[in-house]
Amino acid sequence: METINASYFKARCLAILDRVRETGERIVILKRGQPVAELWPPSQSESRYPQSELKGTVTVVGDIVGPVVPADHWDSLAGSGETADQAGEDDSPGGQAHRGTGE
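**Considering the pairing of strand β2 (residues 27–31)**
For step 1, the next point in the chain: In terms of burial, β2 is largely enclosed, as four of its five residues are buried.
For step 2, the next point in the chain: In this structure, strand β1 (residues 2–5) lies alongside β2, joined through four bridges in parallel fashion. Counterpart to N5 in the pairing with β2 is L30.
For step 3, the next point in the chain: In this antiparallel pair of consecutive strands, β2 and strand β3 (residues 34–39), the connection spans two residues, and R32 shows a positive phi of 55 degrees.

**Looking at the nonpolar core**
For step 1, the next point in the chain: By size, the foremost hydrophobic cluster in this structure holds seven residues: I4, F9, I16, V20, I27, I29 and L39.
For step 2, the next point in the chain: Those elements that provide at least two residues to this core are α2 (13–23) and β2.
For step 3, the next point in the chain: When near neighbours in sequence (up to four residues on either side) are disregarded, V20 contacts E25, I27, L39, W40 and P41.

**Some thoughts on the pattern of salt bridges**
For step 1, the next point in the chain: If you walk through the whole model with that rule in mind, you get four salt bridges.
For step 2, the next point in the chain: Residue R26 pairs with E38 through a salt bridge whose shortest N-O separation is 3.6 Å. A residue pair is termed long-range when its members are at least 10 positions apart, and R26 in the loop between α2 and β2 and E38 in strand β3 qualify at twelve residues.
For step 3, the next point in the chain: R26 gets classed as partly exposed once you look at its relative accessible area, which sits at 38%.

**Here we look at a nonpolar patch on the surface**
For step 1, the next point in the chain: A grouping of V58, V60, I64 and V65 is seen on the molecular surface, where their side chains present a nonpolar patch of about 470 Å² in accessible area.
For step 2, the next point in the chain: By the secondary structure assignment, I64 is in the loop between β3 and α3 (75–78).
For step 3, the next point in the chain: Note on I64: relative accessible area 65%, which makes it exposed.

**Section: the pairing of β3**
For step 1, the next point in the chain: Here β2 pairs with β3 via five bridges, running antiparallel. Following the sheet pairing, L30 is matched in β3 by P35.

**Some details on unusual backbone geometry**
For step 1, the next point in the chain: The phi angle at R32 is positive, at roughly 55 degrees, despite the residue not being glycine.
For step 2, the next point in the chain: Mapping R32 onto the fold places it in the loop between β2 and β3.

**With respect to the sheet that holds β3**
For step 1, the next point in the chain: The three strands lie next to each other as β1-β2-β3, forming an open sheet whose pairing is mixed. A strand with exactly one partner marks an edge of an open sheet, and here the two such strands are β1 and β3. Across the sheet, the mean angle from the axis of one strand to that of its neighbour is 30 degrees, orientation sign disregarded.

Calculation rules
- Residues numbered from 1 in each chain as written.
- Predicted model: local features only at pLDDT ≥ 70, side-chain atom pairs only at ≥ 80, totals over all residues.
- Heavy atoms only, no water.
- Buried < 20%, exposed > 50% of the residue type's maximum accessible area, 1.4 Å probe, protein only.
- Helix = DSSP H or I, 4+ residues; strand = E, 2+ residues; numbered from the N terminus.
- Pairing = 2+ DSSP bridges.
- Core = buried A, V, L, I, M, F, W, Y, C linked by side-chain atoms within 4.5 Å.
- Contact = heavy atoms within 4.5 Å.
- Salt bridge = Lys/Arg side-chain N within 4 Å of Asp/Glu carboxyl O.
- Patch = residues over 30% accessible without salt bridge, like charges linked within 9 Å, V, L, I, M, F, W, Y side chains within 5 Å.
- Areas by Shrake-Rupley, 256 points an atom, 1.4 Å probe, with all protein chains shown as cover.
- Axes fitted to C-alpha atoms, helices over the stretch in contact; angles between N-to-C directions.

What follows is the structure, given as structure tokens:
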């Protein structure tokens, strides 16, 4: 891996970019002797989506669809809370419950 000073990179940027594309080599750019950037060619993926490069890198362990905690830990399923009717809450669209008038 080659290292070059930022002033050299600035003066010859386009030629360096062409060389990296053609050779595939990585170049470290230094400013006052310290690395500030690395330059390397893009991946040669044929895919339109960058996420495609991640295909095959994930391992599924266990159930990814089911709940994280058992159902008996859920207050809403355990019956420990009030229902909307008991609390006087309104879940209908528009904020008012539709009550039949019998007409």
